[in-house]
Structures are given as structure tokens and as C-alpha cells.
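Geometric and topological summary
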Amino acid sequence: MKIVRIFATQLFAFHYDNEDDNEYDRLMDLWTDVGYLSDFAKRNNIGDVYGFINDILRYAEQIQDYLEHLSQNKKPYGFYFEPLQDSERLRILPFQKGKIRKNQLRYYALKLDDDCFVITGGAIKMSQTMQGHPDTNRELTKLKSARLYLNENGVFDTDSFYELLSEQQ
């Protein structure tokens, strides 16, 4: 497992050993793959498959444009990420979800400070709670594993995080 830079020095993503790409790129590729989206819609009994595909393609573009806008305009990524639950606000390395209003796509991340996040994964939101769907439940497990990995490597803030990154190179 390693961590790669996505945008500037504020947004990073895990690149898991069993994957060809980091989580940001892997998910963006899935969310723009019509074949994958069609299969997903059928597996999840979505009635209007074509409407679902068009919505997800639009949502993926919306997220990508928004994150690029934040990066180009040097705006904090805290505009996109918010605590997964209120109880996370007081934790070290709190769980975060990337959320745009009326958009089913979620990136999940760990917050290192007000403007530094590490994406651990993401999903198409199909249930109210993360435990309510196998995909989001898997993402909750990845969040926990990623936080444990950072804790075991002495990461508790941005300074210790950048130290870990320099050791990875």
C-alpha cells in the first residue's frame, strides 16, 4: 500500500497493492465506464438503467470539475469533504465523505487537517447508512484499515503524514 498525490499538497489517495491505480483514478474510471454502470444497475435492480447511467456520468464529471476548481483556485478541500458522522469531528484522522448535493457518488477519505485529505475509496451511494449496502460497507472497512495503517506508521497530523510520504519514495 502506498499513498499518491492527486491535487497539490492537499489531496492524496491510497494506491492499494492489489489495484492497478490509486483510489481516486480507479473510481473515476469505474464511474465513467458505461459497461460497469450498466452491470451495477442490473445487480442493484435499478429500473431505469439508462437514466441511472446518465446521472452517474454527470455526477462523476461534476465531482471531477469541482475538485479541479478547488485545486486551481487554491480553495480548501473542506468545501467538498465533511465528517462521515458527527462523532468523527473530535477524532484524530476522522472519517470524511466527499459530497455534492444531489449526487450519489462518494469519495471517502481521512482528514489530516482542515485542508489535507487522503482518499481511501468511494462508492455509488445506494443506502442511507454505509452498512446498508455491500459496497459502502466495504468502504467503511477500508476507512478503518487506512486509519489503522496511518496510526501504525505514526501519522497523526500533516507533518507526520509528509514524513511518511518522504519515507515511501
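Note that the coordinates shown come from a computational prediction; the quantities given were computed from them, not determined experimentally. (Residues numbered from 1 in each chain as written. Predicted model: local features only at pLDDT ≥ 70, side-chain atom pairs only at ≥ 80, totals over all residues. Heavy atoms only, no water.)

What about the overall build of the chain?
For clarity, the cut-off: Put simply, DSSP marks the helices as runs of H or I at least four residues long and the strands as runs of E at least two long, and each gets a number from the N terminus on. For this measure, only C-alpha atoms enter the radius of gyration; the expected value for a globule follows 2.2 Å times N^0.38, where N is the number of residues. Burial classes follow relative accessibility: with a 1.4 Å probe on protein chains only, a residue under 20% of its type's maximum area counts as buried, one over 50% as exposed, and anything between as partly exposed. Computed by Shrake-Rupley with a 1.4 Å probe, the accessible areas treat only the displayed protein chains as cover when residues are assessed. Charge assignment: positive for Lys and Arg, negative for Asp and Glu; neither His nor the chain ends contribute. Positions of charges follow a simple convention, taking NZ of Lys, CZ of Arg, CG of Asp or CD of Glu.
Along the backbone of the chain there are five helices and six strands. Each helix and strand of the chain, ordered N terminal to C terminal, gives the series β-β-α-α-α-β-β-β-β-α-α. What you see for the chain is a C-alpha radius of gyration of 16 Å, in line with the 15 Å of a compact globule of 169 residues. Its C-alpha atoms give the chain principal-axis dimensions of about 50 × 35 × 35 Å. For the chain, the proportion of its 169 residues judged to be buried stands at 47%. Carbon and sulfur atoms make up 45% of the accessible area of the chain, which amounts to about 9100 Å² in all. Of the charged side chains in the chain, 21 are positive and 27 negative; the average position of the first set lies 7 Å away from that of the second.

Notes on the pairing of strand β1 (residues 2–7)
As a reminder, the rule being used: DSSP bridges decide pairing: two strands pair if at least two such bridges lie between them.
Examined bridge by bridge, β1 and strand β2 (residues 11–15) share five bridges and lie antiparallel to one another. Residue pairing across strands places Ile3 opposite Phe14, the latter belonging to β2. Between β1 and β2, which follow one another and run antiparallel, lie three residues, and Ala8 among them has a positive phi close to 45 degrees.

Some points on the packing of helix α1 (residues 23–31) against helix α3 (residues 49–72)
Note the following rule: Angles shown run from 0 to 180 degrees and are taken between the N-to-C directions of axes, each axis being a line fitted to C-alpha atoms and, for helices, limited to the stretch in contact. Any two residues having at least one pair of non-hydrogen atoms within 4.5 Å are treated as being in contact. Each residue gets one label: Ala, Val, Leu, Ile, Met, Phe, Trp, Tyr, Cys and Pro are nonpolar, Asp, Glu, Lys and Arg are charged, and the others, such as Gly, are polar.
At their nearest, the axes of α1 and α3 sit 9 Å apart, and the two run at 145 degrees to each other. On α3, the residues touching Tyr24, Met28 and Trp31 of α1 are Ile56, Leu57, Ala60, Ile63, Gln64 and Leu67. Among the residues making up the contact of α1 with α3, the classes are represented as eight nonpolar, one polar and no charged.

A short note on helix α2 (residues 34–43)
Worth spelling out the cut-off: The directions considered for the arc are those from the helix axis to the C-beta atoms.
Listing the buried residues of α2 in full gives Leu37, Ser38, Phe40 and Ala41. All buried residues of α2 project into a common sector of 160 degrees when viewed along the axis, lining one side. Summarising the geometry of α2, the exposed residues directed more than 90 degrees from the buried face are Lys42 and Arg43. Buried residues belonging to α2 abut α1, α3, β6 (116–124) and α4 (134–152).

Describing the sheet that holds β2
Spatial strand order, β1-β2-β6-β5-β4-β3: six strands in an open sheet with mixed pairing. Strand pairing shows two members of the sheet lacking a second neighbour, β1 and β3 (81–83), which therefore form its edges. Mean inter-strand twist for the sheet, computed between neighbouring axes without regard to direction, equals 40 degrees. Of the pairings in the sheet, the one linking strand β5 (residues 105–113) to β6 comprises eight bridges and is antiparallel in character. When the sheet's bridge partners are listed, Asp113 is paired in β6 with Cys116. Along the sheet, α3 makes contact with β1, β2, β5 and β6, crossing β5 at roughly 25 degrees.

Some thoughts on the nonpolar core
Basically, it comes down to this: The definition of a nonpolar core used throughout is a set of buried Ala, Val, Leu, Ile, Met, Phe, Trp, Tyr and Cys residues joined through side-chain atoms within 4.5 Å.
Within the largest apolar cluster, 30 residues are counted, with the highest numbers of intra-cluster contacts made by Leu11, Tyr24, Trp31, Leu67, Phe81 and Tyr107. Looking at this core, the elements with two or more residues in it are β1, β2, α1, α2, α3, β5 and β6. Ranked by residue count, the leading element in this core is α3, at nine residues. By size, the runner-up hydrophobic cluster in this structure holds 23 residues, among which are Phe95, Leu112, Leu150 and Leu164.

Some remarks on the side chain of Thr136
The condition is simple: Under this definition, polar contacts are N or O atom pairs within 3.5 Å; protein pairs additionally need one hydrogen-donor-capable and one acceptor-capable atom, and for neighbouring residues in sequence, both atoms have to be side-chain atoms.
Mapped onto the fold, Thr136 is located in helix α4. From its side chain, Thr136 meets the backbone oxygen of Met130 in a polar contact 2.8 Å long. Residues in contact with Thr136, not counting those within four places in the same chain, are Tyr108, Ala123, Ser127, Thr129 and Met130.

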